[in-house]
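Residue-level structure breakdown
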Amino acid sequence: MIKNSTAEKTQTEGKKPAHEQVYQTLKAQILFGEMAPGQAVTIQGLTDSLGVGMTPVREAIRRLISDGALMFQGNRRVSVPVLSANDIEQLIYVRISIESELARRAAQRVTTADIDQLETLDQALDAAIAAGDVPKYLRFNHAFHTALYAHANAPIMMDLADRLWLRFGPSLRVVCGRFGTQNLPDHHKDMLVAMRNRDADGVAKAMEQDVSQGTEMMIEVLSEAR
């Protein structure tokens, strides 16, 4: 659920329209699994917890429904969709297609300094894994992928990848709870080695493995829940 501390953060952003601040706040909550799949929240509850008006909350929710990150439940309630096995199989296919190509393109453009920055993010991710810190794992994992894709110079594909992450992010949090951070797939080091070797195909292959293994674990968790 949205916390008042988040609302305080949005107030410091100042110049952004209120609906954009609320959108970014809710997007982060969904992306990192702080709103669990199937968890229903009221529009009034979001308005109260964020300390903003009803209009920006409604606008943010409208955008998130369009993104596929929320669904309307009626009676002024919304929830994060619960993914089916079929949903996840589709996500695997689309994410591999888009994100492996983003990784390939990025690998062709990154500098040594860029790779060093990605390695720093991966080291922070390793620390989160070792500590079993799920929130930090989710944030640094997302930061690594986002930073890599930013070098691809492919804004259309990156926008699609961003929307896909919103769909599977909440379920990834569930997977972390089931398997623990140390048992999750992590092919980032394979990507970094391939980038330093200027092996764009190797980076794309490592990304494909990273995506497919993570989403396959979601299918396993869903199967156990039924």
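Residues numbered from 1 in each chain as written. Predicted model: local features only at pLDDT ≥ 70, side-chain atom pairs only at ≥ 80, totals over all residues. Heavy atoms only, no water.

Here we come to the nonpolar core. Of all hydrophobic cores here, the largest spans 66 residues; its most connected members are L148 and M195. In terms of residues, this core owes the most to one element, helix α8 (residues 155-179), which gives 10 residues. Setting aside chain neighbours within four positions, we find L148 in contact with A103, A106, L118, M191, M195 and M207. (Core = buried A, V, L, I, M, F, W, Y, C linked by side-chain atoms within 4.5 Å. Buried < 20%, exposed > 50% of the residue type's maximum accessible area, 1.4 Å probe, protein only. Helix = DSSP H or I, 4+ residues; strand = E, 2+ residues; numbered from the N terminus. Contact = heavy atoms within 4.5 Å.)

Within the open sheet, the 3 strands sit side by side as β1-β3-β2. Their pairing is antiparallel. Bordering the open sheet on either side are β1 (40-42) and β2 (71-74), each of which pairs with just one other strand. Taken pair by pair, the neighbouring strands of this sheet meet at an average axis angle of 35°, ignoring direction. Bridge count between β2 and strand β3 (residues 77-79): 3 bridges; the pairing is antiparallel. (Pairing = 2+ DSSP bridges. Axes fitted to C-alpha atoms, helices over the stretch in contact; angles between N-to-C directions.)

Right, let's get into unusual backbone geometry. Positive phi, close to 55°, is recorded for N75, a residue that is not glycine. Looking at where N75 falls in the secondary structure, it is placed in the loop between β2 and β3.

Turning our eyes to something else, we now look at the packing of helix α6 (residues 112-131) against helix α7 (residues 134-149). Here α6 crosses α7 at 160°, and the two axes come no closer than 8 Å. With respect to α7, the element α6 is oriented roughly antiparallel. Pair α6 / α7 crosses with left-handed handedness. Each of L118, L121, D122, A124, L125, A128 and I129 in α6 lies in contact with α7, whose residues at this interface are K136, Y137, F140, N141, A143, F144, A147 and L148. Counted by class, the contact of α6 with α7 contains 12 nonpolar, 1 polar and 2 charged residues. (Parallel < 35°, antiparallel > 145°, perpendicular 65-115°, else oblique. Left-handed = near helix turned anticlockwise from the far one by under 90°. Nonpolar A, V, L, I, M, F, W, Y, C, P; charged D, E, K, R; others polar.)

Think of a pair of aromatic rings as described by two things: how far the centres are apart, and how the planes are tilted against each other in angle. Scanning the entire structure with this criterion turns up 1 aromatic pair. Over the ring of Y23 we find R63, and its NZ or CZ is 3.6 Å from the ring centre. (Phe/Tyr/Trp six-rings, centres within 6.5 Å; stacked < 30°, edge-to-face > 60°. Lys NZ or Arg CZ within 6 Å of the ring centre and 35° of its normal.)

Looking now at the pattern of salt bridges. Using the criterion set out here, one finds 14 salt bridges in the structure. The residue D159 makes a salt bridge to R163 at a minimum N-O spacing of 3.3 Å. Pair noted here: D159 and R163 are both in helix α8, with a separation of 4 residues, about one helical turn. Judged by relative accessible area, which is 38%, D159 ranks as partly exposed. What emerges from the salt-bridge pattern is a single network uniting E101, R104, R105 and D201. (Salt bridge = Lys/Arg side-chain N within 4 Å of Asp/Glu carboxyl O.)

Further remarks concern the side chain of H188. Mapped onto the elements of the fold, H188 is located in helix α9 (residues 188-196). On the basis of relative accessibility, which here comes to 0%, the residue H188 falls in the buried class. One polar contact links H188 to N141, side chain to side chain, over a distance of 3.4 Å. Other than its neighbours up to four places away in sequence, H188 contacts D122, L125, N141, F144, H145 and D210. (Polar contact = N/O pair within 3.5 Å; in protein donor to acceptor, adjacent residues only side chain to side chain.)

Between its first and last C-alpha atoms α6 spans 29 Å; for 20 residues at 1.5 Å apiece the expected length is 28 Å, and the two agree. Turning to α6, its buried residues are D114, I115, L118, D122, L125, A128 and I129. Seen from one end, α6 has its buried residues packed into an arc of 125°, which puts them on one side. Exposed and oriented more than 90 degrees from the buried face of α6 are Q117, A130 and A131. Lining the buried residues of α6 we find α7 and α9. G132 occupies a position one or two residues after α6 and carries a positive phi of about 65°. (Expected span 1.5 Å × (residues − 1). Arc of directions from axis to C-beta.)

A few words on the packing of α7 against α9. Interaxial distance between α7 and α9 falls to 12 Å at its minimum, and their mutual angle equals 25°. Overall, the two elements α7 and α9 adopt an arrangement that is roughly parallel. Between α7 and α9 the crossing geometry is left-handed. Two secondary-structure elements touch here, α7 through N141, F144, H145 and L148 and α9 through H188, M191, L192 and M195.

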